[in-house]
Amino acid sequence: MATHEHSHERTDVRINDLIGPRLNALAAKAPIFAGVGGVLCLAGLALTWGTNYFLQSYLFAFMFWFGLTLGSTTWLMGHHVTGGGWGFLIRRPLEAASRMWPYVFAMWFPIGIFMVLSMMNNGLDASGHHLPMNKMPLYEWANASIRDGDKVLTAKSGYLNPLGWLIRSVLFFCVWFGLSFYLNKWSREEDESYNPLVRHRLSLMSAVGLLISALTITFSTIDWVMSLEPHWFSSLWGLIFVVGQGHATLIVMVLMIRYLAWDLPLLKKVETRYFRDLGNLMLAFTLLWAYTNYSQFMIQYSANIKEEAGWQLHRTTFGWQYIGFGNIIFHFAAPFLFLLMSLTKVNIRNLAKLALFLVFARHLDLFFYIIPTFRQSPMETFRSFAFLSDIGAPLLLGGLWLMGWSKQMTKTNAPIVPQFDERLEGFWPLDAHDHGSNGHTPLAAAKGVTTTHG
Amino acid sequence: MAQHVEKSSPDIEFPIGFGINNRGADLRAAEIDRAQRKHSVWGITAEFDETDPLLNAARAARKAGYTRMDAYTPMPVEGLSDAIGYRNKQMPALMFCGGLLGCSLGYFIQWYSLGYGYALNHGGRPYHSWPNFIVITFECTILFTALTGVFGMLILNGLPTLYHPMFNLEGFERHSQDRFFLTIEARDKNFDFEKTLAFMRTMGALRVEVVEK
Amino acid sequence: MAVITPREISRRLPSPVVDADETFDVVGKGNTLATVTEKISDAVLRDRLRPGWVIFLGFALLLLATLGVAFGGILVMGVGLWGINNSVGWGFDIINFVWWIGIGHAGTLISAILLLVHQNWRTSINRFAEAMTIFAVFCAGLFVLSHVGRHQYAYWLFPLPNSMGMWPQFRSPLEWDVFAVSTYATVSILFWYVGLIPDLATLRDRAVRPYVKRFYGIASLGWRGSNQHWHRYMAVYLILAGISTPLVLSVHSTISFDFAFSQVPGWHATVFPPYFVAGALVGGFAMVLILAIPLREMFNLKDLITMRHLENCAKILVCTTIFVSYGYAMEAWTAYYSGSIDERFMAWNRAFGQYGWSYWSLLFCNAVVPQLLWFRKIRTNLVWLYFISVVLSIGMWLERWVIIVVSLTRTMLPSTWHGYTPTGWDWAQYIGTFGLFLTCFLLFCRILPVIAMAEMRELVHHEMHHGAHDHGHDSAEPNGGFSGSDPSVAPAHA
């Protein structure tokens, strides 16, 4: 996106100097995951041919990696607004993740194409009968024949119609791409020279951007996930996904620091309190996740209204309740206790162990939200060979995403920290007492740990 | 009244002879006087106006083998417990136990009363409808944690104690304003009136004083 | 890109317009341990009675007398005095309960959450914000106490073994409220008192008159700043902050459950818990500003409660008002998306029904007016800030009015539709609680230090030694325990 002609004038450390080889290794390894996932998906597709099982798995995997991209864009803006020290640890990875929008748009295509198909076949088979649930396109409201026979769906067809869905989806991607484009463009500009105007512009756009982000997270997840069961509604939905995506991003970023940079002397010089901040943020999101999900469940469980209770009832019966309990344990109880016990000795390796576990929990959470729509019980997953694509799709998309991400990291090769961001002063401890000439950045001290620089 | 106001102003005058560089007749007289009152000594205290010399003094005293000492400061000073060698992790553990008690009590009372004591069918929900019990259980946990914490802290600190030997010290009222005191208590095994007094005088304190029982 | 000259930058960046004696630092320059102690404690010990304060107190006592009459009337004659009816069973009592308790939440946020996230600017406003919390909870408590109707049975709310063998209905959020609010009141008072102990000791040590000395001596429990005491004290203080954070969330969420658990359109919405919490913070921070702006003038604390504090509160107001606006949007949107006639009618009725004016005023107050705070010139103008805070307080009251009363006037069954008009008794009790709040607050200003001195000393000490390096950002920690930087003491929850 941005170019770096001026790098020779500067005495800073860049991404490739520090972790270039590791990023290349990741870019080389990631396709293996994608390949394994792809094979599993193909096998699943072949074994469940004629049904939409693959698409179900694909949607839930997509929601994770899409959420990671949107979460990264949101965190990035959050950091521009608040300037917290923890943000400098993950700013570059976040920026690289926010540049993934073209890839994520491509990943969205299978879902979009199916929507177009459903516009055409209307949910009827060749002889004019309704297709069974597992053979229909993902969104039942997309079929005019079903919609017309249903009072509630007709009432909201002004919003829930395939064309509107497609237009909105494309619009969302345009907005996200636009946000991340300017976030990255101006961040590159900020790296060029000390210029508080750029900083001011970034902060201001991020403040507005956070609002846009909250609204687009809400409506995109309403469109793509909540409308899977179109009679059901919850006004907390958007926030649940804001929290979920924020959580997912945080844990993946912790993993990235751990696996790409854990043994760098540079990282060891960073004050522990910033890692503790990351730990505290993880704790906060763990609690927020529990809080929002409990609130939504409790309110619908207690009010016991027909439209809402059905959604909850299905997820607390037929064996789905065990997935739900698993969710409580893996997504809340275990991480909560772990974080509470290890808060005083937080380090990145501890956090990463938990984060790896939480990547699994995040998938389980999305699985629990999306899949019961289509399957009577969790056992159906095994009976129908859907488990192949349930495992394959996250691997496929994850492999592709990580490959793209690591390439984005190496391609930009930005300075490892935004050295002209004034707020860095509080964070970067290496030579806090030495603020010399303009060209002398705190990073000069970090040079000792590298052999070459850009 | 005016006198009291003056007393708390920053440029307080100390009696001649209490400083470390003044080794005049006054000092000797005072020392003899103190030696006579040795049996009534509770401890020897040094007064500082900064944290760094306080921390250094505490480290030195610890190195010299003193264990029965305490500092009196106008605010919590980072690293002071380490310097003195005071280790204590009672409070988190105590509060955790309190929380656990509250948690169990809160849940138990709901489980018992709605399941057995006064079982009501509430919209067809199970008698043991645990999602409904979470909030009160949580509130009880918090309540008991807070109560154990605050009262545990007060009791373990021995508060309220309206009398303490340190209050006998002239000028001690500044411990809650802008002065830092380090006291080695007479019950310390290594406490020796003369030696300890001499030791304290090497600490660069504003003044060194004897605290009486 | 060419380096821009500083002059160019200062020309293009928005600059605040403030008086010369105002500062944007956390603490005014030149303060030492002695000066902060002196400034804060002199306001209690040395200050003469100001005529302004006395007049204010007289006014507050007049309002308090109104409360006495209103509350006494309810106790003697019952809630029939109020404007509530069979359809609108919750009126001013619950509106004001939610309004007051929401105000309290900002105090807890400042004293607990900002402590945990190392926002050291909170130090000089946490004491009076916590006081505000406690007095607001008193006021809120009066409303729930009076609305139960048969007051002699109010103790039935607690799980006391009795000869009838009855227990409260623990599945009801109304019962949860009993636990949540009483726990909140208890923990807030404990937290406040624990924070006060070292400061009471300072007052004891600086007091001149013997009876004053004795009073603070007893109140401070003989605190002598012993390191062992501080050690335990800080552990408890931090854990209290840690547990207060989820507590404050739980309290207002539980209050929102009171509504959301029902099926009444306009009450039943899953977004209620976080949206109520955000709304509580809007009302609370507005009240913090309403109190802080005159307080710093009156007691000459401009270099301790600085523009930095006021501006940060304004920034928090921008965030929280956007959050509640999101809540309004989600309520209206979900009414449409639900496809349900009742939900959609509720949304229509709010905007265009009998009380439509209140909905539009609430949107104006809470969603439009606070957007002015995006401009630094307005954020740093005390008149504007004060005015916007008052508007937000009114707006938050209207929000509860719209949710509680307007929803109840038009429920699902048209034959139960009924209007609601508050009576003089309703107004008297509402206005009377201001008397209680003001009286408590004015007495607090005279009797206790309005700023936490021990924490201030720690902050000033830190600024004196490290101030130069941390200037201009909020993430710096004060030197020691209050910021949670001592890992051996306690975990810092977020």
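Computed from a predicted structure; not experimentally measured. (Residues numbered from 1 in each chain as written. Chains lettered and ligands numbered in written order. Predicted model: local features only at pLDDT ≥ 70, side-chain atom pairs only at ≥ 80, totals over all residues. Heavy atoms only, no water.)

Take the overall build of chain B next. For chain B, the count of helices and strands is 7 helices and 4 strands. Relative to its 213 residues, chain B shows a buried fraction of 47%. (Helix = DSSP H or I, 4+ residues; strand = E, 2+ residues; numbered from the N terminus. Buried < 20%, exposed > 50% of the residue type's maximum accessible area, 1.4 Å probe, protein only.)

Of regular secondary structure, chain C possesses 16 helices and 0 strands. The burial tally for chain C puts 66% of its 494 residues in the buried class. Counting only contacts in chain C whose residues sit at least 6 apart along the sequence, the fraction spanning at least 24 positions is 81%. Accessible surface, chain C: about 16,900 Å² in total, of which carbon and sulfur atoms supply 69%. (Contact = heavy atoms within 4.5 Å. Areas by Shrake-Rupley, 256 points an atom, 1.4 Å probe, with all protein chains shown as cover.)

This next bit is on the interface of chain B and chain A. At the junction of the two partners, chain B supplies 8 residues and chain A supplies 8 residues. The junction of chain B with chain A conceals about 640 Å² of combined surface from both sides, 59% of it contributed by carbon and sulfur atoms. Among the residues of chain B in contact with chain A, Arg125, Trp130 and Pro131 of chain B are the three that bury the most area, contributing 64% of the side total. On inspection of chain B and its partner chain A, the count reaches 0 salt bridges. Scanning the region where chain B abuts chain A turns up 3 residue pairs in polar contact (both at pLDDT 80 or more). (Buried area = accessible area lost by both parts, 1.4 Å probe. Salt bridge = Lys/Arg side-chain N within 4 Å of Asp/Glu carboxyl O. Polar contact = N/O pair within 3.5 Å; in protein donor to acceptor, adjacent residues only side chain to side chain.)

Turning next to the pattern of salt bridges. Residue and element names in this part refer to chain A. In this structure the tally under the stated criterion is 23 salt bridges over all chains. Among the ionic pairs, Arg199 bridges to Glu190, the shortest N-O distance being 2.6 Å. For the pair formed by Arg199 and Glu190, the shared burial category is buried.

Glancing now at the packing of helix H3 (residues 85-98) of chain A against helix H9 (residues 237-261) of chain A. Residue and element names in this part refer to chain A. Contact geometry of H3 with H9 gives a least axis separation of 10 Å together with a crossing angle of 115°. Comparing the axis directions of H3 and H9 gives the class roughly perpendicular. Between H3 and H9 lies a crossing of right-handed hand. Together, Leu89, Ile90, Pro93, Leu94 and Ala97 of H3 and Thr249, Met253 and Ile257 of H9 make up the contact between the two elements. Of the residues that constitute the contact of H3 with H9, the class distribution is 7 nonpolar, 1 polar and no charged. (Axes fitted to C-alpha atoms, helices over the stretch in contact; angles between N-to-C directions. Parallel < 35°, antiparallel > 145°, perpendicular 65-115°, else oblique. Left-handed = near helix turned anticlockwise from the far one by under 90°. Nonpolar A, V, L, I, M, F, W, Y, C, P; charged D, E, K, R; others polar.)

The next thing to look at is the nonpolar core. In this structure, Phe62, Tyr139 and Trp224 of chain A are the most contacted members of the largest nonpolar core, which totals 304 residues. Sorting elements by how many residues they give to this core places helix H8 (residues 227-260) of chain C first, with 18 residues. Excluding residues that lie within four positions of it along the chain, Trp224 of chain A makes contacts with Leu59, Phe62, Met63, Phe66, Trp108, Tyr139, Trp165, Ser169, Phe173 and Trp176 of chain A. (Core = buried A, V, L, I, M, F, W, Y, C linked by side-chain atoms within 4.5 Å.)

So, on to the confidence of the model for chain B. Note: predicted coordinates in regions of low pLDDT should not be interpreted at a detailed level. All names here are of chain B. When pLDDT is averaged across chain B, the result is 81; 82% of the residues are at 70 or more. The weakest mean pLDDT in chain B belongs to helix H1 (residues 2-7) at 40; the strongest belongs to helix H6 (residues 130-156) at 93. Taken together, the stretch residues 1-17 has pLDDT below 50 and engages in 20 contacts with residues farther than four places along the chain or on a different chain. (pLDDT = per-residue confidence, 0-100.)

Attention now goes to the packing of helix H3 (residues 51-77) of chain C against helix H15 (residues 424-447) of chain C. Residues and elements named next belong to chain C. Two elements in contact, H3 and H15, have axes whose closest approach is 6 Å; the angle formed by their N-to-C orientations is 135°. Taken as axis vectors, H3 and H15 run oblique relative to one another. Note that H3 runs across H15; the crossing there is left-handed. When its residues are assigned to classes, the contact of H3 with H15 shows 22 nonpolar, 7 polar and 1 charged.

Enumeration over the complete set of coordinates arrives at 106 aromatic pairs over all chains. Plain terms: the ring middles of Tyr159 of chain A and Trp333 of chain C are 4.5 Å apart, the flat faces sit at 70° to each other, and that makes the pair edge-to-face. One end of the pair, Tyr159 of chain A, is in the loop between helix H6 (151-155) and helix H7 (162-192); the other, Trp333 of chain C, is in helix H10 (residues 307-338), on a second chain. For the pair formed by Tyr159 of chain A and Trp333 of chain C, the shared burial category is buried. Look at Trp99 of chain C and Trp100 of chain C: their rings are 5.1 Å apart centre to centre, the planes differ by 70°, and that puts the pair in the edge-to-face class. Given the relative accessible area of 4%, Trp99 of chain C is considered buried. In this structure, Lys156 of chain A packs its charged tip against the face of Tyr337 of chain C, placed 3.9 Å from the ring centre. (Phe/Tyr/Trp six-rings, centres within 6.5 Å; stacked < 30°, edge-to-face > 60°. Lys NZ or Arg CZ within 6 Å of the ring centre and 35° of its normal.)

Further remarks concern the interface of chain C and chain B. Between chain C and chain B, the contact holds 67 residues from the first and 69 residues from the second. Summed over both sides, the interface between chain C and chain B buries roughly 6,100 Å², with carbon and sulfur atoms accounting for 66% of that surface. Taken together, chain C and chain B are joined by 0 salt bridges. Counting the contacts that link chain C with chain B gives 29 residue pairs in polar contact (both at pLDDT 80 or more). Of all the secondary-structure elements, those providing two or more residues to the side of chain C that touches chain B are helix H2 (33-45), helix H6 (173-206), helix H7 (210-219), H8 and helix H16 (453-470) of chain C. The leading source of residues in the side of chain C that touches chain B is H8 of chain C, at 18 residues. In terms of residue class, the side of chain C that touches chain B is made up of 34 nonpolar, 23 polar and 10 charged.

All names here are of chain B. Taken in spatial order, the 4 strands of this open sheet run S2-S3-S1-S4, and their pairing is antiparallel. Either end of the sheet is taken by a strand with one partner, and the two such strands are strand S2 (69-72) and strand S4 (207-212). Averaged over all neighbouring strand pairs, the angle between strand axes comes to 25°, with direction disregarded. Pairing geometry for strand S1 (residues 41-48) and strand S3 (residues 180-185), over 6 bridges, is antiparallel. Bridge pairing links Ile44 to Ile184 in S3. (Pairing = 2+ DSSP bridges.)

On to the side chain of Arg127 of chain C, then. Residues and elements named next belong to chain C. By the secondary structure assignment, Arg127 is in helix H5 (residues 126-147). The buried category is assigned to Arg127, whose relative accessible area is 2%. Here the side chain of Arg127 touches Asp199 through a polar contact of 3.0 Å, side chain to side chain. When neighbours within four sequence positions are excluded, Arg127 is seen to be in contact with Trp192, Gly195, Leu196, Asp199, Phe444, Pro449, Val450, Ile451 and Ala452.

All names here are of chain B. Along S1, 8 of the 8 residues are buried, which leaves the element largely enclosed by surrounding structure. Relative to S4, S1 is paired through 6 bridges, and the arrangement is antiparallel. The residue of S4 that forms the bridge with Val41 is Glu212.

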